[in-house]
Amino acid sequence: MKKLTEKSSYEDLYKAWKEVNDYGYFAANERSTKKALKKKGVTLARWVNTPKKNRALFIYARPNKKVYFTSFLIVEGSEGDSFASMDGDKQTITIYHSHAINRYIERHGFDGTLEQCQCHILNNTLLTTQSVDTITKEVVVYFDEGVFLGCVKDNVTHLNTYVSNNRLYTNQRLMFSGSSGIQL
């Protein structure tokens, strides 16, 4: 199996993500995972290797009696680990580039470890809407007093960098906040 990167093709990413997601069900039924998720309201992150040697991150949550999880395929990025997830309804893959995660830490002043920051971003952007320009294919994701910026190429959304509000021009803040329905 060839090494996957944040620039791999949709087909390669899809195949590996599917294997990671399928493995997530197995990992959810593992004794240590079940034990950690006994209490309601618990969120658990687990970094694992799948049987086919794909690296994965699973974020498990138990808001009620049922356990939910989100699968992330970990791929090689320009500055460390990048994370690929898939929106099953749209069949699109979103890659959170390592550069974007590092810029978030730098520009937002995240107080915690790299792993905590990765989980914070991945867990909290799942419900965030993406604004995609239909002509240029540029993507904007408003998040935590700033925006992730990227583009769509071949059915893969690349979130390349993070810019905090204080680094945006006034018209950019207004434009980006209007697309997400959040007023600044």
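Each remark here, short or long, concerns the structure printed above.
The numbering scheme is per chain: residues are counted from 1 as the chain's sequence reads. Predicted model: local features are reported for residues with pLDDT of at least 70 only, side-chain atom pairs are reported and counted for 80 or more only, and whole-chain, interface and lining totals are derived from all residues. As a rule here, side-chain values come from all non-hydrogen atoms in the structure, and water together with hydrogens is ignored.

Student: Report on the pairing of strand 1 (residues 42-49), specifying residues and quantitative values.
Tutor: It is a general feature of regular strands that their side chains alternate between the two faces of the sheet. Between any two strands, pairing holds if DSSP finds at least two bridges. We count a stretch as a helix when DSSP gives it H or I for four or more residues in a row; a strand needs E for two or more, and each element gets its number in order from the N terminus. Bridge analysis of strand 1 against strand 2 (residues 55-62) gives eight bridges, and the strand direction is antiparallel. The partner of Arg46 across the bridge, within strand 2, is Phe58.

Student: Account for helix 3 (residues 98-108), with residues named and values stated.
Tutor: Among the residues of helix 3, those classed as buried are Ser98, Ala100, Ile101, Asn102, Arg103 and Tyr104. We call two residues in contact when some of their heavy atoms are within 4.5 Å. The elements touched by buried residues of helix 3 are strand 3 (68-77), strand 4 (80-87), strand 5 (92-96), helix 4 (114-124), strand 8 (146-153) and strand 9 (156-164). Trailing helix 3 by a residue or two, Gly109 shows a phi angle of about 75°, which is positive. Buried means the residue's accessible area, taken with a 1.4 Å probe over protein chains only, is under 20% of the maximum for its type, while exposed means over 50%, and partly exposed covers the values in between.

Student: Before we move on, could you go through the nonpolar core and cite the residues and values that matter?
Tutor: Within this scheme, the nonpolar core is defined by two criteria: the residues are buried Ala, Val, Leu, Ile, Met, Phe, Trp, Tyr or Cys, and they are joined through side-chain atoms within 4.5 Å. One finds Leu13, Phe58, Tyr60, Leu73, Ile93, Ile95 and Val156 to be the most contacted residues of the largest nonpolar core, which totals 22 residues. Contributing elements (two or more residues each) for this core: helix 1 (10-28), strand 1, strand 2, strand 3, strand 4 and strand 5. If one sorts the elements of this core by residue count, helix 1 sits on top with eight residues. Filtering out sequence-adjacent residues up to four positions away, Val156 remains in contact with Tyr10, Leu13, Ile93, Ile95 and Cys151. In terms of nonpolar packing, the next biggest core, distinct from the first, is built from 19 residues, Phe72, Ile74, Ala100 and Ile121 among them.

Student: An account of the packing of aromatic side chains is needed here, citing residue identities and associated values.
Tutor: Within 6.5 Å between ring centres, the rings of Phe, Tyr and Trp (the latter by its six-membered ring) count as paired, and their orientation is classed by plane angle as stacked under 30 degrees, edge-to-face over 60, tilted in between. For the structure shown, the criterion picks out 13 aromatic pairs. Here the aromatic cluster, defined as three or more aromatic residues joined through ring pairs, consists of Tyr23, Tyr25, Phe26, Phe58, Tyr60 and Phe69.

Student: Talk me through unusual backbone geometry; I want residue IDs and the actual numbers.
Tutor: Glycine aside, negative phi is the norm for most residues, and most peptide bonds take the trans geometry. Although it is not a glycine, Lys53 adopts a positive phi angle of roughly 70°. Turning to its location among the elements, Lys53 is positioned in the loop between strand 1 and strand 2. One non-glycine residue, Asp154, lies in the positive phi region at around 50°. In this structure, Asp154 sits in the loop between strand 8 and strand 9.

Student: Lay out the sheet that holds strand 5 in plain terms, naming residues and giving numbers.
Tutor: Pairing is mixed across the open sheet formed by nine strands, whose spatial order is 1-2-3-4-5-9-8-7-6. Lying at the two open borders of the sheet, with one neighbouring strand each, are strand 1 and strand 6 (131-132). Alignment of strand 4 against strand 5, held across five bridges, turns out to be antiparallel. Note on strand 5: the bridge partner recorded for Phe83 is Tyr96. Lines are fitted to the C-alpha atoms to define the axes, a helix being fitted only along its stretch in contact, and any angle between axes, read from their N-to-C directions, falls within 0 to 180 degrees. Packed onto the sheet, helix 1 meets strand 1, strand 2, strand 3, strand 4, strand 5 and strand 9 and runs at close to 140° relative to strand 3.

Student: Describe the pattern of salt bridges, with residues and values.
Tutor: By salt bridge we mean one thing: a side-chain nitrogen of Lys or Arg within 4 Å of a carboxyl oxygen of Asp or Glu. Scanning all chains against the criterion turns up seven salt bridges. When the shortest N-O distance is used, the salt bridge between Arg107 and Glu106 registers 3.9 Å. Residue Arg107 is classed as partly exposed on the basis of its relative accessible area of 26%.

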